[in-house]
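Commentary on secondary and tertiary structure
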Amino acid sequence: MPIVENHRAKLRLERIGMEFEGAGARVVALADVTMEVRENSFVSIVGPSGCGKSTLFSIAAGIIEPSYGEVYLDGKRVERRTEYVSYMLQKDLLLPWRMILDNVILGLEIGGVPKREARERARALFGRYGLQGFENHYPHQLSGGMRQRAALMRTLLLDRPLVLLDEPFGALDALTRSLMQEWLLQIWEGSQRTVVFITHDIEEAIFLSDQIYVMSARPGHMKARVDVNLPRPRSIASHTDARFVALKDHLLHLVREESLRAFEQQGSGVFAGA
Ligand SMILES: Nc1ncnc2c1ncn2[C@@H]1O[C@H](COP(=O)(O)OP(=O)(O)OP(=O)(O)O)[C@@H](O)[C@H]1O
Ligand SMILES: [Mg+2]
């Protein structure tokens, strides 16, 4: 499968491998992962738990160094943490002692923007993120969906061209989640950003993405790349489009195969012979 086609892609990961050593055991998390993401596209990664998705993000963001392989941004090789990527971790990581306004400006402050200016920039966005009036609340006073929006605001406030989102809606109920997906598409469509999105939810991946990469069980590598040829803008009606249904069927098969392999690796034996 020719995964790498465009050497001027916004993000290109080439033959990335990652091994972890610890407590006497060696874990091969990633083996020869190759993928690319076109400028201004929305790309999702799906794959079984533990296949190395979050590890891949840490490598793409330059937070950890791979055992081998290369990361390219705009065709240029990068080796360490860069001002180029904003990264939302799997947990929302809002600081409980900071009010929401001061939580969302955290990245700007760390980047050296004066507090007063950072607050002004953030305040202007609270309405758009459905958080108007909650500037001075603390994280525990917000619902799960609001906390996720605050964490997303913090990530997107950084105004960097490449955005990595690691299961941002994983903890939300189905209805809130579906509203958040529509909301994220609206934000993205007006923003000129390239987004890479990790999810376990296949319908979410199809609804949001231009392309979906399916990862194998550990050691993770790219098993398939699927193009999502659904017109934009998308709406709730896209879910019943015949192309959506066919893609879902195809992806479910691919992911299920790998999830079964991951289960077997963990020695559950439950699905032996499935
Ligand atoms: N710092 C680390 N030290 C040792 N092993 C690690 C470390 N980080 C990740 N791993 C291992 O690497 C593998 C991949 O982990 P990772 O968190 O990337 O998976 P994931 O695909 O994001 O899983 P999930 O879908 O559950 O979030 C796992 O076996 C994990 O135990
Ligand atoms: Mg993860």
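Structure: see above.
Residues numbered from 1 in each chain as written. Chains lettered and ligands numbered in written order. Predicted model: local features only at pLDDT ≥ 70, side-chain atom pairs only at ≥ 80, totals over all residues.

**Brief notes about the nonpolar core**
Inside soluble globular proteins, nonpolar side chains tend to come together where they are buried. The line we're drawing: To define a nonpolar core, we join buried Ala, Val, Leu, Ile, Met, Phe, Trp, Tyr and Cys residues through C-beta atoms within 7 Å and take the resulting set. Whether a residue is buried, exposed or partly exposed is read from the other C-beta atoms within 10 Å of its own C-beta, which are placed from the backbone; 20 or more gives buried, 12 or fewer gives exposed, and intermediate counts give partly exposed. What counts as a helix is a DSSP run of H or I of at least four residues, what counts as a strand is a run of E of at least two, and both are numbered from the N terminus. Residues are scored as being in contact if the C-beta atoms we place from backbone atoms lie within 7 Å.
Counting residues in each nonpolar core, the largest one holds 61 residues, and the members touching the most others are Ala60, Leu164 and Val196. Sorting elements by how many residues they give to this core places helix α5 (residues 144-157) first, with six residues. Once you skip the residues sitting within four places of it in the chain, Leu164 turns out to touch Phe57, Ala60, Ala61, Val85, Tyr87, Met88 and Val196.

**Overview of the site of ligand 1**
This is how the line gets drawn: Nearness here has a simple definition: the residue's C-beta atom, placed using the backbone, must lie within 6 Å of the molecule or strand. Residues are sorted three ways: Asp, Glu, Lys and Arg are charged, Ala, Val, Leu, Ile, Met, Phe, Trp, Tyr, Cys and Pro are nonpolar, and all the rest, Gly among them, are polar.
Every one of the 13 residues lining ligand 1 counts as a neighbour, but Phe20, Ser49, Lys53, Ser54 and Thr55 are closest to it. If you tally residues by element for the shell around ligand 1, the top one is helix α1 (residues 53-60), at three residues. Grouping the amino acids of the shell around ligand 1 by side-chain chemistry returns four nonpolar, seven polar and two charged.

**Here's the deal with the sheet that holds strand β5 (residues 76-78)**
The following threshold applies: For two strands to be treated as a pair, DSSP must find at least two bridges joining them. Lines fitted to the C-alpha atoms define the axes, with helices restricted to the stretch that makes contact. Angles between their N-to-C directions range from 0 to 180 degrees.
Sheet architecture is open: four strands sit in the order β2-β1-β4-β5, paired in antiparallel fashion. Since the sheet does not close on itself, it has two edges, and those belong to β2 (25-37) and β5, each with one partner. Averaged over all adjacent pairs, the angle separating strand axes in this sheet is 35°, with direction ignored. Here nine bridges tie strand β1 (residues 11-22) to β2, and the two strands are oriented antiparallel to one another. The residue bridging Arg12 from the neighbouring strand is Glu36, located in β2. The sheet contacts of α1 involve β1, β2 and β4 (68-73), and relative to β1 the element is tilted by about 115°.

**Looking at unusual backbone geometry**
Each neighbour pair has its own omega, and for Arg218 with Pro219 the value is -5°, a cis peptide bond. Its place among the elements puts Pro219 in the loop between β9 (211-215) and β10 (222-227). The peptide bond linking Arg232 to Pro233 adopts the cis configuration, its omega dihedral lying at -5°. Tracing the backbone shows Pro233 in the loop between β10 and α8 (242-265). Of note in this structure, Glu167 is not a glycine but carries a positive phi near 45°. Structurally, Glu167 can be placed in the loop between β7 (162-166) and α6 (174-189). C-beta crowding within 10 Å serves as the criterion here: with 18 such atoms nearby, Glu167 is assigned to the partly exposed category.

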